[in-house]
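# What the coordinates show
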Amino acid sequence: ILGFSTPPGRLSMMAFILNALTCALGLLYFIRRGKQCLDFTVTVHFFHLLGCWIYNSRFPATLTWWLVHVVCTALMAAIGEYLCMRIELREIPLNSAPKSNV
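Residues numbered from 1 in each chain as written. Predicted model: local features only at pLDDT ≥ 70, side-chain atom pairs only at ≥ 80, totals over all residues. Heavy atoms only, no water.

Let me state the cut-off plainly: UniProt positions are given in the numbering used here, feature names are shortened, and annotations may be inferred rather than shown by experiment.
As annotated in an unreviewed UniProt entry, the protein chain carries the name SYS1 protein and comes from Hylia prasina. You can read under Sequence similarities (unreviewed entry) in the UniProt record for the protein chain the words "Belongs to the SYS1 family."

### A few points about the state of the cysteines
Basically, it comes down to this: Pairs of cysteine sulfur atoms within 2.5 Å are identified as disulfides in what follows.
Applying the stated criterion across every chain, the model contains 0 disulfides. Unpaired in terms of disulfides, Cys52 finds its nearest cysteine sulfur in Cys72, a separation of 12 Å. There is no disulfide at Cys72, and the cysteine sulfur nearest it, in Cys23, is 9.4 Å away.

### Comments concerning the UniProt feature "transmembrane region" (unreviewed entry) in the protein chain
Our working definition: Elements are defined by DSSP. Helices are runs of H or I of four residues or more, strands are runs of E of two residues or more, and each kind is numbered from the N terminus.
Under the UniProt annotation, the feature "transmembrane region" (unreviewed entry) is placed at residues 12-31, 38-57 and 63-84. Its end C-alpha atoms 27 Å apart, residues 12-31 is made of 95% helix and 0% strand. Measuring from the first to the last C-alpha atom of residues 63-84 gives 31 Å, for a span that is 100% helix and 0% strand.

### Observations regarding the side chain of His69
What counts is decided by this rule: Partly exposed describes any residue whose relative accessible area lies between the buried limit of under 20% and the exposed limit of over 50%, with all areas from a 1.4 Å probe on protein chains only and scaled to the type maximum. Only heavy atoms matter for contacts: two residues are in contact if any of them lie within 4.5 Å across the pair.
Within the secondary structure layout, His69 lies in helix H3 (residues 63-88). Accessibility expressed as a relative area gives 7% for His69, which makes it buried. Beyond its immediate sequence surroundings of up to four residues, His69 is in contact with Phe16, His45 and His48.

### With respect to helix H2 (residues 37-56)
Short version of the rule: In a helix, the anticipated span is given by 1.5 Å times the number of residues less one. Note that the arc is defined by the directions from the helix axis to the C-beta atoms.
If you check H2, its first and last C-alpha atoms are 28 Å apart, about what 20 residues at 1.5 Å a residue would give, namely 28 Å. Residues of H2 that are buried: Cys37, Thr41, His45, Leu49 and Cys52. The arc that holds the buried residues of H2, viewed along the axis, is 100 degrees, so those residues lie on one side. Relative to its buried face, H2 has exposed residues pointing more than 90 degrees away, namely Phe47 and Ile54. One or two positions beyond H2, positive phi appears at Ser57, with a value near 60 degrees.

Now the structure itself:
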């Protein structure tokens with residue numbers, strides 16, 4: 001069903017790309033570590049590959065399937081790592097004022 005020439009194929013590819021973007025936000029919410037984003041991204045896509053293999057009873061062999069998943073893996077890892085690094089690199093607030101007025 002994945003393909004550039006048919007509208008359902010383009011719609012499916014857009015759904016995969018939007019899924020990669022929302023999963024990048026999930027990495028930010030659940031992982032919060034830039035160094036672990038690539039590991040979790042590859043793990044999620046590996047489990048998806050296994051699920052597709054079991055569901056279809058054959059290994060995915062079409063070039064468009066692999067291209068879409070490589071692009072989605074790269075997008076999810078890069079955007080997730082960028083978002084996590086922005087959180088990690090925030091300045092630590094240092095208040096020099098006393099905490100109580102004693």
